[in-house]
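So you can see what is in the structure, the chains are spelled out below.
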Amino acid sequence: MSGTKNTFEKIPFVDLKSQHSFLSAEIEAAITQVLAEGGFTLGDTVKTFEDEFAAFCDTRFAAGVGSGTDALHFALRALGVGPGDEVITVPNTFIATVEAIVMSGARPVFVDIDEDTYLMDTSKLEGAITKKTKAIIPVHLYGQPADMVEVMRIAAKHGLKVVEDACQAHGARLRGSRVGCFGDAACFSFYPSKNLGGIGDGGIVVTNDEAIQGRVMLLRNHGQVDKYSHVEPGFCSRLHGVQAAVLSVKLKYLDRWNKARRYNARIYDCLFRDSAVVPPVRASHHSGDHVYHLYVVRVDGRNKLRAYLSGQGIETGIHYPVPLHLQPSLKGYGYKKGDFPVTEKVAEEIVSLPMFPELKESDIERVAHEVIGFSLKYPKVA
Ligand SMILES: *Cc1c(COP(=O)(O)O)cnc(C)c1O
């Protein structure tokens with residue numbers, strides 16, 4: 001093979017470098033200021049960012065923490081979830097949603113997803129509620145809001161708490177309102193590849209209930225009310241001052257980036273029209289802004305497609321290949337294959353294509369061209 005050279009450019013799945021180089025002067029100035037002030041933990045930059053992010057979500061309060069996982073964990077505890085309780089979520093989400101339930105001491109209970117939208121099938125929600133159910137965690141998966149109107153109606157009817165997992169949906173809207181303002185609390189992650197990503201781990205809880213904010217602030221900082229006065233055993237999981245400063249810079253661009261993601265999704269959607277590729281479906285409950293954290297399609301021969309695309313220099317992902325009820329780490333809860341058939345079926349067919357705000361139109365066209373060309377070789381059986 002010597003002498004043969006790839007003539008194509010690689011198309012990455014995400015590209016964090018171009019975003020950061022675009023903002024490098026602003027980000028470096030913000031970091032330099034934190035260094036000068038020494039506000040590394042829970043200083044002014046954290047407070048400022050908490051206020052900005054709460055306002056962005058149309059909520060009154062926010063508490064920055066060390067990760068999205070801890071945000072979910074602390075929100076559940078703040079709502080009184082603990083051992084003996086059950087918390088309902090979906091088996092098609094990132095493992096962290098369920099880990100937070102496990103960390104709170106509660107038992108994770110699953111509701112299968114809708115086959116078109118991959119979001120919680122709320123027609124199955126009431127069937128999962130028992131006397132032990134304490135809370136529901138709807139997940140705004142891939143950037144599309146879950147049916148919060150229906151979730152809140154059912155929660156109110158049964159006296160349950162609701163924590164939105166908005167870790168993939170910063171800035172998304174449902175019926176005109178931002179995700180994060182529907183539930184008792186909502187949680188976001190600032191892992192670098194999220195729609196709003198920091199330069200390391202971070203997370204936040206937003207809420208309209210000052211008591212929930214206060215409890216999360218205790219939990220994130222050793223249960224401390226005053227120096228060396230600890231009212232309950234807590235954790236060490238604070239949002240860093242440097243992260244907060246960087247996130248404040250990036251928050252100003254979030255709506256613009258989300259618009260670019262939607263534009264990219266529209267191009268993909270058009271190119272996949274009349275092909276065997278199933279593009280993402282907008283949920284019928286959804287009149288608002290999808291923020292396309294991921295652009296997920298369904299195809300036959302998914303694994304072969306990924307290998308083929310990889311050979312063409314195109315990176316892809318699967319979100320998620322193993323339904324959570326089948327994960328070895330959750331074996332103790334007694335779930336088995338066949339329990340959530342829609343999630344299990346979808347997990348075999350979905351593939352996430354490159355998606356980020358700076359993705360070039362020509363790259364979207366090349367990805368779609370390769371995917372459609374491949375799918376013609378593996379036509380769907382009618
Ligand atoms: C990323 C993510 C989390 C957890 O966030 P971390 O900051 O990585 O702890 C939780 N839920 C979902 C759906 C996520 O995508």
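Cut-offs used in this document
- Residues numbered from 1 in each chain as written.
- Predicted model: local features only at pLDDT ≥ 70, side-chain atom pairs only at ≥ 80, totals over all residues.
- Heavy atoms only, no water.
- Pairing = 2+ DSSP bridges.
- Helix = DSSP H or I, 4+ residues; strand = E, 2+ residues; numbered from the N terminus.
- Axes fitted to C-alpha atoms, helices over the stretch in contact; angles between N-to-C directions.
- Contact = heavy atoms within 4.5 Å.
- Salt bridge = Lys/Arg side-chain N within 4 Å of Asp/Glu carboxyl O.
- Buried < 20%, exposed > 50% of the residue type's maximum accessible area, 1.4 Å probe, protein only.
- Domains from an automatic or database assignment.
- Buried area = accessible area lost by both parts, 1.4 Å probe.
- Polar contact = N/O pair within 3.5 Å; in protein donor to acceptor, adjacent residues only side chain to side chain.
- Right-handed = clockwise from strand over helix to strand, strands pointing away.
- Phe/Tyr/Trp six-rings, centres within 6.5 Å; stacked < 30°, edge-to-face > 60°.
- Lys NZ or Arg CZ within 6 Å of the ring centre and 35° of its normal.

**A word on the sheet that holds strand β4 (residues 133-136)**
Argument step 1. Across the sheet, which stays open at both edges, the seven strands sit in the order β1-β9-β8-β5-β4-β2-β3 with mixed pairing between neighbours. Only two strands of the sheet have a single neighbouring strand rather than two, namely β1 (61-65) and β3 (107-110). Sheet twist, expressed as the mean angle between neighbouring strand axes with direction ignored, is 25°.
Argument step 2. Judged from the three bridges that link them, strand β5 (residues 161-165) and strand β8 (residues 185-189) form a sheet pairing that is parallel. From the neighbouring strand, Asp165 faces β8, where its bridge partner is Cys187.
Argument step 3. Contacts between helix α5 (residues 95-104) and the sheet are confined to β2 (86-89), β3 and β5, with β3 contributing the most and set at about 140° to the helix.
Argument step 4. Against the sheet, helix α7 (residues 210-220) engages β1, β8 and β9 (203-207), with an angle of about 15° to β1.

**A look at the pattern of salt bridges**
Argument step 1. Counting across every chain of the model gives 14 salt bridges.
Argument step 2. For the salt bridge of Glu50 with Arg220, the shortest nitrogen-to-oxygen distance reads 2.8 Å. A residue pair is termed long-range when its members are at least 10 positions apart, and Glu50 in helix α3 (residues 44-56) and Arg220 in helix α7 qualify at 170 residues. In this pair, the class of Glu50 matches that of Arg220, namely buried.
Argument step 3. Of the charged contacts, one joins Asp121 and Lys124 as a salt bridge, the two residues approaching to 3.5 Å between their closest N and O atoms.
Argument step 4. The buried category is assigned to Asp121, whose relative accessible area is 14%.

**Examining the environment of Leu218**
Argument step 1. Structurally, Leu218 can be placed in helix α7.
Argument step 2. We classify Leu218 as buried; its relative accessible area is 16%.
Argument step 3. The sequence separation of Leu218 and Pro138 amounts to 80 residues, and the corresponding C-alpha distance is 25 Å.
Argument step 4. Those residues in contact with Leu218 that lie beyond four places of it in its chain are Gly223, Gln224, Val225, Val231 and Glu232.

**Section: the domain arrangement of the chain**
Argument step 1. Per the domain assignment, the segments making up the chain are domain 1 (17-251) and domain 2 (254-377).
Argument step 2. Computed from C-alpha coordinates alone, the two centres of domain 1 and domain 2 are separated by 24 Å.
Argument step 3. Contacts between the two partners involve 50 residues from domain 1 and, on the opposite side, 39 residues from domain 2.
Argument step 4. Together domain 1 and domain 2 conceal approximately 3,900 Å² of surface at their shared face, both sides included; 56% is due to carbon and sulfur atoms.
Argument step 5. Taken together, domain 1 and domain 2 are joined by four salt bridges.
Argument step 6. The partner of Glu115 in a salt bridge is Arg298, with the nearest N and O atoms 2.9 Å apart.
Argument step 7. Summed over the shared surface of domain 1 and domain 2, the number is 27 residue pairs in polar contact (both at pLDDT 80 or more).
Argument step 8. Breaking the side of domain 1 that touches domain 2 down by element, the ones donating at least two residues are α1 (16-22), α5, β3, β6 (173-174) and α8 (241-251).

**Topic: the pairing of β3**
Argument step 1. Two strands pair when backbone bridges link them, and β2 and β3 are joined in this way by four bridges, in the parallel orientation. Bridge pairing in β3 links Val87 to Pro108.
Argument step 2. Crossover connection from β2 via α5 to parallel β3: handedness right-handed.

**A short note on the packing of aromatic side chains**
Argument step 1. For the coordinates displayed, the defined rule picks out 18 aromatic pairs.
Argument step 2. Between Tyr253 and Trp257, the ring centres sit 5.6 Å apart and the planes meet at 25°, which makes this aromatic pair stacked. Here Tyr253 matches Trp257 in class, with each residue buried.
Argument step 3. Site record: aromatic cluster; members linked through ring pairs are Phe49, Phe53, Phe56, Phe188 and Phe190.
Argument step 4. Against the face of Phe56 rests Arg178, its NZ or CZ located 4.0 Å from the ring centre.

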